[in-house]
Amino acid sequence: MKQHIAHITLLVNDYDEAIKFYTEKLKFDLIEDTPLSETKRWVLVAPKNAKECCLVLAKADNDKQRNHIGNQTGGRVALFLYTDDFWRDHAQMLAENIKFIREPQAEPYGIVAVFADLYGNFWDLIQPNT
């Protein structure tokens, strides 16, 4: 049997501001943006050339969902962005004014730093050891 995780949902305030952040600041690809109704869209973004998994940018549509925007994991790192060149991506993210919560450090598994997305979700930027 072969399985894989295809999509992970991330609650957002607004489709267009989220698309702009992920495609312009993080340089992700917009995979799909399909209207489903007057208020809902199916929006997928993913890192350049990534085929394994996409983020579903889902606009919160009630108070319960809105209360979890930016804190879907209770303050823990929510997502892990692997890279083949940590310092290139770190510099590019700093140039885009991405806020780093924890500075780069060497860990037994690689180089890692924690950054926040536009809503405050924490991400690890990681270059794993080979």
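Just so you know, these numbers come straight off a predicted model, no measurement behind them. (Residues numbered from 1 in each chain as written. Predicted model: local features only at pLDDT ≥ 70, side-chain atom pairs only at ≥ 80, totals over all residues. Heavy atoms only, no water.)

Focus on the pairing of strand S8 (residues 122–128)
Basically, it comes down to this: Any two strands with at least two DSSP bridges between them are considered paired. Secondary structure elements follow DSSP: runs of H or I no shorter than four residues count as helices, runs of E no shorter than two count as strands, and numbering proceeds from the N terminus.
Where strand S5 (residues 77–82) and S8 come together, five bridges link them in parallel fashion. Across the sheet, residue Val77 finds its bridge partner in S8, namely Phe122. Across seven bridges, strand S7 (residues 110–116) lies against S8 in antiparallel orientation. Note that in S8 the partner of Val112 across the bridge is Ile126. The hairpin formed by S7 and S8 contains five residues between the paired strands, and Gly120 there has a positive phi angle of roughly 105°.

Looking at helix H3 (residues 86–95)
For the record, the criterion: Three labels apply to residues, based on accessible area from a 1.4 Å probe with only protein chains included: buried if under 20% of the type maximum, exposed if over 50%, partly exposed otherwise in between. Arc definition: it is the arc formed by the directions from the helix axis to the C-beta atoms. Note on contacts: a residue pair qualifies if any of its non-hydrogen atoms lie within 4.5 Å across the two residues.
Along H3, the residues classified as buried are Phe86, Asp89, His90 and Met93. What you see down the axis of H3 is that its buried residues fit within an arc of 100°, all on one side. Here the buried face of H3 lies against strand S6 (99–107), S7 and S8. Backbone geometry just downstream of H3 places Asn97 in the positive-phi region, at approximately 60°.

Let's talk about the sheet that holds strand S3 (residues 41–46)
To keep things clear, this is the line we draw: Fitted lines through C-alpha atoms serve as axes, helices being fitted only where they are in contact, and the angles separating the N-to-C directions of these axes extend from 0 to 180 degrees.
Read from one edge to the other, the open sheet built from four strands follows the order S1-S4-S3-S2, with strand pairing classed as mixed. Because the sheet does not close on itself, it has two edges, and the strands there are strand S1 (7–12) and strand S2 (29–35). Neighbour-to-neighbour, the strand axes of the sheet open up by a mean angle of 25°, direction not taken into account. Taken together, the six bridges between S1 and strand S4 (residues 54–59) define a ladder with parallel strand orientation. Note on S4: the bridge partner recorded for Leu11 is Ala58. Its contacts with the sheet place helix H1 (residues 15–25) against S1, S2, S3 and S4, and it is angled at close to 155° to S4.

What to know about unusual backbone geometry
Positive phi, close to 65°, is recorded for Lys27, a residue that is not glycine. Inspection of the secondary structure assignment puts Lys27 in the loop between H1 and S2. By relative accessible area, which is 34% here, Lys27 ends up partly exposed. At Asn49, a position not held by glycine, the phi torsion is positive, near 65°.

Thoughts on the domain arrangement of the protein chain
The accessible area lost on association of the parts is a frequent measure of interface size. Heads up, the rule is: Each domain's extent was defined by an automatic or database domain assignment. Simply put, the buried area is the total loss of 1.4 Å probe accessible area from both parts when two parts are fitted together. One side-chain nitrogen of Lys or Arg within 4 Å of one carboxyl oxygen of Asp or Glu is enough to make a salt bridge.
Domain parsing of the protein chain yields domain 1 (1–69) and domain 2 (71–129). Computed from C-alpha coordinates alone, the two centres of domain 1 and domain 2 are separated by 19 Å. Across the boundary between the two partners, domain 1 contributes 20 residues, which contact 15 residues of domain 2. Summing both sides of the interface, domain 1 and domain 2 together bury roughly 1500 Å²; the carbon and sulfur share of this comes to 64%. Here domain 1 is connected to domain 2 by two salt bridges. Note that Lys25 is salt-bridged to Glu96, the shortest N-O span being 3.9 Å.

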